[in-house]
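Examining the three-dimensional arrangement
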Number of protein chains: 2
Amino acid sequence: MKKHPRGLPIGAFAAAAGVNVETIRFYQRKALLPEPGRSYGSIRRYGEADVARVKFVKSAQRLGFSLQEIAGLLTLDDGTRCDEARVLAEEKLEDVRAKLDDLRRIESVLAQLVDRCCASRGRITCPIIAALHAH
Amino acid sequence: MKKHPRGLPIGAFAAAAGVNVETIRFYQRKALLPEPGRSYGSIRRYGEADVARVKFVKSAQRLGFSLQEIAGLLTLDDGTRCDEARVLAEEKLEDVRAKLDDLRRIESVLAQLVDRCCASRGRITCPIIAALHAH
DNA sequence: CTTGACTCCGTACCTAAGTACGGATTCAAG
DNA sequence: CTTGAATCCGTACTTAGGTACGGAGTCAAG
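Residues numbered from 1 in each chain as written. Chains lettered and ligands numbered in written order. Predicted model: local features only at pLDDT ≥ 70, side-chain atom pairs only at ≥ 80, totals over all residues. Heavy atoms only, no water.

Attention now goes to the interface of chain A and chain B. With 47 residues of chain A at the contact, the number on the chain B side is 47 residues. Regarding the contact of chain A and chain B, the summed buried area is about 4100 Å², with carbon and sulfur atoms giving 75% of it. At the boundary of chain A and chain B, one finds two salt bridges. Note that Arg97(A) and Glu107(B) form a salt bridge whose closest N and O atoms lie 2.7 Å from each other. Listing elements by their share of the side of chain A that touches chain B, those giving two or more residues are helix H3 (48-62), helix H5 (82-119) and helix H6 (127-134) of chain A. If you tally residues by element for the side of chain A that touches chain B, the top one is H5(A), at 23 residues. (Contact = heavy atoms within 4.5 Å. Buried area = accessible area lost by both parts, 1.4 Å probe. Salt bridge = Lys/Arg side-chain N within 4 Å of Asp/Glu carboxyl O. Helix = DSSP H or I, 4+ residues; strand = E, 2+ residues; numbered from the N terminus.)

In structure tokens, the structure reads:
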């Protein structure tokens, strides 16, 4: 493993964070990452804190937060404004539960259709097609 | 209500189907609707079958089918190829169940985080922020 | 025959979260 | 000092499902 005494250049940084170089640049434009210092020239150098930040973003994404919402979470990064973080998490939980309700409804309709379809072998009109015509 | 003896022009058709005029033209480009006849001039005229078709598309969308998948369903529109329709419905059911699994996992994590957050009033480090840093 | 509403058509724009490209620098090794 | 890799930067493209725009043509009523 190579040493990067002045901090990681973008390629090594992206690899360390498990994302694409272009993704780093994209996050930079979205201000999800601070503009890093550019020691000796015009090349950006990143540190461990930046790697942690990208991983934070990816963790939050896995919980369904959008990048915009994650920008909000990142302003609470010092961990001292628990109330605000809880509000964001509660709102997201509501979103997720609403989507769950939708999907459960859809699942039951689809399951019924598949079921009725199986039960109606030889019928002239497919129950699935008929149901889609019915509403 | 006005009569449209030669069939509905696009505006009345879109209204009857409950969608935007632009949506009709978009569906036309996607070949979800057949090119309608243009009697006497260059104006498209639509019939009841077209209205039913748009409603079919909207029903299928509510069940989570993409327009591309709906194009597939529409080729089975005569209702005689029940097996093929069932396969498409089963695949969609699998999709929906996979998404449900994801969301349930997310819900439980979020619910735990909110819970722990509530339990830790006064703590210095917010458990939500800490958890996002942990993975 | 004119006016106003409607339609036609192609094209651009929108969101989200990136990905891809390409010319110009710059860095590091030999 | 040269060469090749990496970086910089702006811009365009991607998917899905539309929405919006604008100029030209057409249709029906008065």
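Once the structure has been displayed, the description carries forward.
For the pair chain A and chain B, the relating rotation is 180°, the translation along its axis is 0.0 Å, and the fit reaches an RMSD of 0.1 Å. The two molecules are tied by a two-fold rotation axis, judged by turn and shift. Residues of chain A ranked by C-alpha distance from the rotation axis are headed by Leu100(A), positioned 3.3 Å from it. A symmetric contact is evident, with 100% of the interface residues of chain A recurring at the interface of chain B. (Least-squares fit on C-alpha atoms with pLDDT ≥ 70 in both.)

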